[in-house]
Amino acid sequence: MKIITTVREMQAEARRIRSAGRIIGFVPTMGFLHAGHLSLIRTAREKADIIVLSIYVNPTQFGPDEDLSRYPRDFDRDEEMARRAGVDILFYPSDSEIYPPGHRTFVEVEDITRRLCGASRPAHFRGVTTIVAKLFHAVQPHVAVFGQKDAQQAIVIRRMAKDLNFDVEIAVAPIVREPDGLAMSSRNTYLSPDERRDALALYESLRLAEERIRSGERNAGVIIESVAAHIRSKTHNRIDYVACVDAETLDPLETVSGRVLIALAVSTGRTRLIDNIILDV
Ligand code: AMP
């Protein structure tokens, strides 16, 4: 596995791979790898010859009161996991490489970035689309794999790739969960044992919503309220949002039908967690 730390070197390597007629699959991450990230690597492997994994904790997607400074990092562990997972190139740039002095350009997707997570994290998606656009220019992938865990992010990236004519296939891989149902996340390491227990209510509430829909409930307001009530029943949970929206457009639904995304964000103690399910109704 090759480790590359500069954009120039990454671009030169991408040019060499492309001119040899090989397909580049790309998995962008913020590191502290877990089984969710590894599943994205496997999906990329099915679609590509050379797998590039990036590790970069992108400061522009964190708000001023968020967890940038304490975000978990362990490069040695990540390097070992990436090597074992068969990553060919680990792209690990520094902040000054990505945002050199004088950087003034951002990429912004309008409208859909103000909903759901965007309502309480106003600059978040601007940071995400900016870093993903920059990484695409560095890595020059044929296919990039994102996780359904960040459902809104995947929709926003698809929109950006289309609107800016990136010649990249955007693939989305399913959510990987702990055996008890908690969606895997690097941020789960923040949770105390009590918070970890209360965090189970996130996926439980989504399963509850699924059951309600399967047994005939179609009123989105009723479903949202049942999800919210279950989450609120645990003392450490504070709801940011529970949403029932069209899975392609993120438009809010009154009546559930078609491809429906039920998404939520909850602070469990000081840790903000997200989860979602997609149902075909
Ligand atoms: P992160 O390192 O948290 O920024 O995540 C990097 C990529 O991994 C994103 O595309 C996430 O959606 C994806 N990801 C994170 N957690 C999971 C999970 N539990 N299952 C599937 N994909 C995930």
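Residues numbered from 1 in each chain as written. Predicted model: local features only at pLDDT ≥ 70, side-chain atom pairs only at ≥ 80, totals over all residues. Heavy atoms only, no water.

(A) Structural context of the overall build of the protein chain. Looking only at helices and strands, the protein chain features 9 helices and 9 strands. Rg of the C-alpha trace for the protein chain: 19 Å, near the compact-globule value of 19 Å for 281 residues, within the 12% margin. Dimensions of the protein chain along its principal axes, counting C-alpha atoms only, are 55 × 40 × 35 Å. Across the protein chain, every contact between residues at least 6 apart in sequence was considered, and the portion connecting residues at least 24 apart equals 74%. Carbon and sulfur atoms provide 48% of the accessible area of the protein chain, an area that totals close to 13,300 Å². Of the side chains in the protein chain, 38 bear a positive and 39 a negative charge, and the two mean positions are spaced by 2 Å. (Helix = DSSP H or I, 4+ residues; strand = E, 2+ residues; numbered from the N terminus. Rg over C-alpha atoms; globule rule 2.2 N^0.38 Å. Contact = heavy atoms within 4.5 Å. Areas by Shrake-Rupley, 256 points an atom, 1.4 Å probe, with all protein chains shown as cover. Lys, Arg positive; Asp, Glu negative; His and termini not counted. Charge placed at Lys NZ, Arg CZ, Asp CG, Glu CD.)

(B) Representation of the domain arrangement of the protein chain within the structure. For the protein chain, the assigned domains read domain 1 (2-173) and domain 2 (186-275). Spacing between the C-alpha centres of domain 1 and domain 2 amounts to 26 Å. If you look at the interface, domain 1 gives 21 residues, while domain 2 gives 18 residues. Interface area, domain 1 with domain 2, both sides summed: about 1,700 Å², of which 55% is carbon and sulfur. Taken as a group, Arg 70, Leu 116 and Ile 155 account for 35% of the area that domain 1 buries against domain 2, more than any other trio of residues on that side. Asp 67 is paired through a salt bridge with Arg 187; the nearest N and O atoms lie 2.8 Å apart. Connecting domain 1 to domain 2 are 9 residue pairs in polar contact (both at pLDDT 80 or more). Among the elements that take part in the side of domain 1 that touches domain 2, helix H7 (residues 151-163) stands out by supplying 3 residues, more than any other. Broken down by class, the residue content of the side of domain 1 that touches domain 2 amounts to 9 nonpolar, 6 polar and 6 charged. (Domains from an automatic or database assignment. Buried area = accessible area lost by both parts, 1.4 Å probe. Salt bridge = Lys/Arg side-chain N within 4 Å of Asp/Glu carboxyl O. Polar contact = N/O pair within 3.5 Å; in protein donor to acceptor, adjacent residues only side chain to side chain. Nonpolar A, V, L, I, M, F, W, Y, C, P; charged D, E, K, R; others polar.)

(C) Expanded view of the pattern of salt bridges. On inspection of all chains with the given rule, the structure shows 20 salt bridges. The salt bridge involving Arg 197 is made with Asp 194; its shortest N-O contact spans 3.4 Å. In this pair, Arg 197 and Asp 194 both sit in helix H8 (residues 193-214), 3 residues apart, roughly one turn of the helix. Asp 194 sits in the partly exposed class, given a relative accessible area of 36%. A single network of salt bridges, built from pairs that share partners, joins Lys 2, Glu 13 and Arg 16. (Buried < 20%, exposed > 50% of the residue type's maximum accessible area, 1.4 Å probe, protein only.)

(D) Representation of the layout of surface pockets. Roughly 330 Å³ of volume is contained in the second largest pocket. Ala 154, Ile 155, Arg 158, Ala 247 and Glu 248 are the residues nearest the centre of the second largest pocket, which is lined by 15 residues in total. Every element with two or more residues in the lining of the second largest pocket is listed here: H7 and strand S8 (259-268). Of all the elements, H7 adds the most residues to the lining of the second largest pocket, at 6 residues. In terms of residue class, the lining of the second largest pocket is made up of 8 nonpolar, 2 polar and 5 charged. When residues of the lining of the second largest pocket are sorted by domain, at least three fall in each of domain 1 (2-173) and domain 2 (186-275). (1 Å grid on protein atoms, 1.4 Å probe; cavity = no way out; pocket = protein on both sides within 12 Å on 5 of 7 lines; lining within 4 Å. Points joined across faces, edges and corners; volume = space filled by probe spheres on them.)

(E) Local environment of the site of the ligand. Taken together, 17 residues lie around the ligand, and His 37, Gly 147, Asp 150, Val 176 and Met 184 are the ones closest in. The backbone of Met 30 places a nitrogen or oxygen atom 2.9 Å from an oxygen atom of the ligand. A distance of 2.9 Å separates a nitrogen atom of the ligand from a polar atom in the backbone of Met 184. Expressed as a share of its isolated accessible area of 480 Å², the protein-covered part of the ligand is 92%. (Near = heavy atom within 4 Å.)

(F) Seen up close, empty space enclosed by the protein. Scanning the entire structure with this criterion turns up 1 cavity of 30 Å³ or more. If you add up the space inside the largest cavity, you get close to 40 Å³. It is strand S9 (residues 271-280) that provides the largest number of residues to the lining of the largest cavity, a total of 3 residues. Taken together, the residues of the lining of the largest cavity sort by class into 5 nonpolar, 2 polar and 2 charged.

(G) Summary view of the nonpolar core. Membership of the largest hydrophobic core comes to 46 residues, with the highest contact counts inside it found for Met 10, Val 52, Phe 91, Val 132, Phe 136 and Val 139. Examining the composition of this core, we find that 9 residues originate from one element, helix H6 (residues 124-139), more than from any other. Taken domain by domain, the makeup of this core includes at least three residues from each of domain 1 (2-173) and domain 2 (186-275). Those residues in contact with Val 132 that lie beyond four places of it in its chain are Phe 146, Ile 157 and Met 160. One finds Leu 200, Val 242, Val 260 and Ile 262 within the second-largest nonpolar core, a separate group that totals 24 residues. (Core = buried A, V, L, I, M, F, W, Y, C linked by side-chain atoms within 4.5 Å.)

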